[in-house]
Amino acid sequence: MKTTIIIHHLQEMWDSGLQNMGTSFERQLELVVKHLEQNCYDDVIVTNFEANQDLDDEQWPLAQYYPTVYDYAYGWEKSMMDTFGDVCTIVEGGNHSEVVIVDDWMKELQGEIFLCGAFDGECIEDMEIALEGAGKTFKRIEELIV
């Protein structure tokens, strides 16, 4: 069965928040890379805030796993969705975002899906809601979620 891991919002721009949680960007990246070394995923997806379809320079250790990088924002409000028209699928959000965007690439995922990254109850919550909105089941990698 095909396996996919989504590494969500693990970026240096969130280092101060990670440090407030008792870790750091570098430490979390090290843990994710170690996990990737020990597990064989068919697809590695990195979702970055304000991405340009490439890894951030600081994410270079992930390059050896040939990830697909997607831009994925958060904090959407219903009023913002008027500008999107019928361009994307939108579902009810949770505690972090009023609404959540379900991108086409999420709908296309197949097989087992694993999720890790930052921050639980915030960006991770948005991704969980989006995946559920795409009709996908997934497994959280608890030790890799901050």
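Shown above is the structure to which this text applies.
Keep in mind that this is a model prediction, so the values were computed, not measured.

Calculation rules
- Residues numbered from 1 in each chain as written.
- Predicted model: local features only at pLDDT ≥ 70, side-chain atom pairs only at ≥ 80, totals over all residues.
- Heavy atoms only, no water.
- Helix = DSSP H or I, 4+ residues; strand = E, 2+ residues; numbered from the N terminus.
- Polar contact = N/O pair within 3.5 Å; in protein donor to acceptor, adjacent residues only side chain to side chain.
- Contact = heavy atoms within 4.5 Å.
- Phe/Tyr/Trp six-rings, centres within 6.5 Å; stacked < 30°, edge-to-face > 60°.
- Buried < 20%, exposed > 50% of the residue type's maximum accessible area, 1.4 Å probe, protein only.
- Core = buried A, V, L, I, M, F, W, Y, C linked by side-chain atoms within 4.5 Å.
- Pairing = 2+ DSSP bridges.
- Right-handed = clockwise from strand over helix to strand, strands pointing away.
- Axes fitted to C-alpha atoms, helices over the stretch in contact; angles between N-to-C directions.

Engineer: Mind showing me how you'd approach the side chain of Ser24 here?
Structural biologist: With respect to the secondary-structure elements, Ser24 resides in the loop between α1 (15–20) and α2 (25–38). One polar contact links the side chain of Ser24 to the main-chain amide nitrogen of Arg27, over a distance of 3.1 Å. In this structure Ser24 touches Asp15, Leu18 and Gln19, once residues within four positions along its chain are discounted.

Engineer: When you look at the packing of aromatic side chains in this model, what are you seeing that I'm missing?
Structural biologist: To describe a pair of aromatic rings, one takes the distance between the centres and the angle between the planes. One pass over the structure, following the stated rule, counts five aromatic pairs. Relative to Phe114, the ring of Tyr41 lies with its centre 5.6 Å away and its plane at 70°, an arrangement referred to as edge-to-face. Separated by 73 residues along the polypeptide, Tyr41 in the loop between α2 and β2 (43–48) and Phe114 in strand β6 (residues 112–117) bring together distant segments of the chain. Comparing Tyr41 with Phe114 shows no difference in burial state: the two are buried. With centroids separated by 4.4 Å and ring planes inclined at 5°, the aromatic side chains of Tyr70 and Trp105 adopt a geometry described as stacked. On the criterion of sequence distance, the pair formed by Tyr70 in strand β3 (residues 68–71) and Trp105 in helix α3 (residues 104–107) is long-range, its members being 35 residues apart.

Engineer: Please clarify how the nonpolar core should be interpreted in this entry.
Structural biologist: Membership of the largest hydrophobic core comes to 47 residues, with the highest contact counts inside it found for Ile5, Ile7, Leu36 and Met106. Those elements that place two or more of their residues in this core are β1 (3–8), α2, β2, β5 (99–102), α3, β6, α4 (123–133) and β7 (139–145).

Engineer: Help me understand the pairing of β6 in this model?
Structural biologist: Consecutive side chains of a regular strand alternate in pointing toward one face of the sheet and then the other. Within β6, five of the six residues are buried, which leaves the element mostly enclosed by the surrounding structure. In this structure, β1 lies alongside β6, joined through six bridges in parallel fashion. By the bridge assignment for β6, Ile6 is matched with Leu115. Bridge analysis of β6 against β7 gives three bridges, and the strand direction is parallel. In the strand pairing of β7, Leu115 is matched with Arg140. On the question of chirality, the crossover connecting β6 to the parallel β7 by way of α4 is right-handed.

Engineer: Where do I start with the sheet that holds β6 in this structure?
Structural biologist: Either a parallel or an antiparallel arrangement is found when strands of a sheet pair, and the pairing is made through backbone hydrogen bonds. Strands sit in the order β3-β2-β1-β6-β7 across an open sheet of five strands; the sheet is parallel. Looking at which strands have only one partner, the edges of the open sheet turn out to be β3 and β7. Across the sheet, the axes of successive neighbouring strands diverge by a mean angle of 25°, strand direction being ignored. Where α2 meets the sheet, its contacts fall on β1, β2, β6 and β7, and the angle it forms with β7 comes to roughly 130°.

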